[in-house]
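Observations on chain architecture
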Amino acid sequence: MSRRVVFDTATVVSSLLFSNGRLAWLRNHWRERSCVPLISRITAAELTRVLAYPKFRLSPDDRRELLSDYLPYCEAIEQTARSPIQCRDKNDQPFLDLAQSANADLLVSGDHDILALAHQTTFIIETPEAYRARSSA
């Protein structure tokens with residue numbers, strides 16, 4: 001059974017933008033249905049907003065193409081629950097709330113504020129590298 005996983009925005013952006021980067025493996029991971037990426041209206045809006053950053057120099061068509069390599073594999077979740085654990089960075093809270101609402105197995109992030117909450121939630125919080133090791137085991 002595929003794990004239900006919340007990937008934070010930085011993880012998804014890195015995997016989509018850098019085809020030879022350290023997180024490029026994630027694209028095949030979700031394409032092969034080795035996981036079920038979970039997304040909410042809030043996290044989808046954040047992803048769309050970040051991909052539009054001028055530093056990435058992506059045209060609207062480029063952004064649509066990148067999103068088409070992620071969103072079709074995602075399960076959209078209506079966020080109904082708030083995580084009892086609060087993140088120091090309020091911008092990271094939607095990922096915790098999504099994982100809580102969706103009964104996610106994992107939240108994968110490289111963000112220190114999120115990683116600091118590991119072992120305090122009902123779901124696993126770990127780095128992309130730890131997730132890769134878990135997925136390969």
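Residues numbered from 1 in each chain as written. Predicted model: local features only at pLDDT ≥ 70, side-chain atom pairs only at ≥ 80, totals over all residues. Heavy atoms only, no water.

1. A closer look at the packing of aromatic side chains
- Following the criterion strictly, the structure yields five aromatic pairs and no others.
- Plain terms: the ring middles of Phe 7 and Tyr 131 are 5.8 Å apart, the flat faces sit at 75 degrees to each other, and that makes the pair edge-to-face. In this pair, Phe 7 is assigned in strand E1 (residues 3-7) and Tyr 131 in helix H7 (residues 128-136), connecting sequence segments 124 residues apart.
- On the basis of relative accessible area, Phe 7 is assigned to the buried category, the value being 4%.
- Put simply, the rings of Phe 7, Trp 25, Trp 30, Tyr 70 and Tyr 131 pair up and form one aromatic cluster. (Phe/Tyr/Trp six-rings, centres within 6.5 Å; stacked < 30°, edge-to-face > 60°. Helix = DSSP H or I, 4+ residues; strand = E, 2+ residues; numbered from the N terminus. Buried < 20%, exposed > 50% of the residue type's maximum accessible area, 1.4 Å probe, protein only.)

2. Quick word on the side chain of Ser 83
- By secondary structure assignment, the location of Ser 83 is in the loop between strand E3 (75-76) and helix H5 (93-101).
- Within the local environment of Ser 83, its side chain forms a polar contact with the backbone oxygen of Ile 85, the two atoms lying 3.1 Å apart.
- Setting aside its immediate chain neighbours within four residues, Ser 83 contacts Gln 93, Leu 96, Asp 97 and Gln 100. (Polar contact = N/O pair within 3.5 Å; in protein donor to acceptor, adjacent residues only side chain to side chain. Contact = heavy atoms within 4.5 Å.)

3. Looking at unusual backbone geometry
- Unlike most non-glycine residues, Arg 33 shows phi in positive territory, near 65 degrees.
- Residue placement: Arg 33 occurs in the loop between helix H2 (25-31) and strand E2 (35-39).
- If you check the backbone angles, Arg 57 has positive phi at about 50 degrees while not being a glycine.
- Relative to the elements of secondary structure, Arg 57 occurs in the loop between helix H3 (41-51) and helix H4 (60-67).
- Assessed through its relative accessible area of 76%, Arg 57 is described here as exposed.

4. Some words on the sheet that holds E1
- Read across the sheet, five strands follow the order E3-E2-E1-E4-E5 without closing on themselves; strand pairing throughout is parallel. The sheet terminates laterally at E3 and strand E5 (124-126), the two strands that pair on one side only.
- Taken together, the three bridges between E1 and E2 define a ladder with parallel strand orientation. Paired with Val 5 across the strands is Pro 37, a residue of E2. (Pairing = 2+ DSSP bridges.)

5. A short note on the side chain of Ser 101
- For Ser 101, the location among the structural elements is in helix H5.
- For Ser 101, a relative accessible area of 17% gives the class buried.
- Among the polar contacts listed, one links the side chain of Ser 101 to the backbone nitrogen of Ala 81, at a separation of 2.8 Å.
- Apart from residues no more than four positions distant in its own chain, Ser 101 is found in contact with Ile 77, Glu 78, Gln 79, Thr 80 and Ala 81.

6. Let's talk about the nonpolar core
- By size, the foremost hydrophobic cluster in this structure holds 22 residues, and its most contacted members are Phe 7, Tyr 70 and Tyr 131.
- Where this core is concerned, the elements lending two or more residues are E1, helix H1 (9-17), H2, E2, H3, H4 and strand E4 (106-108).
- If we ignore the near neighbours within four places in the chain, the residues touching Tyr 131 are Val 5, Phe 7, Trp 25, Leu 26, His 29, Cys 35, Leu 106, Val 108 and Glu 126. (Core = buried A, V, L, I, M, F, W, Y, C linked by side-chain atoms within 4.5 Å.)

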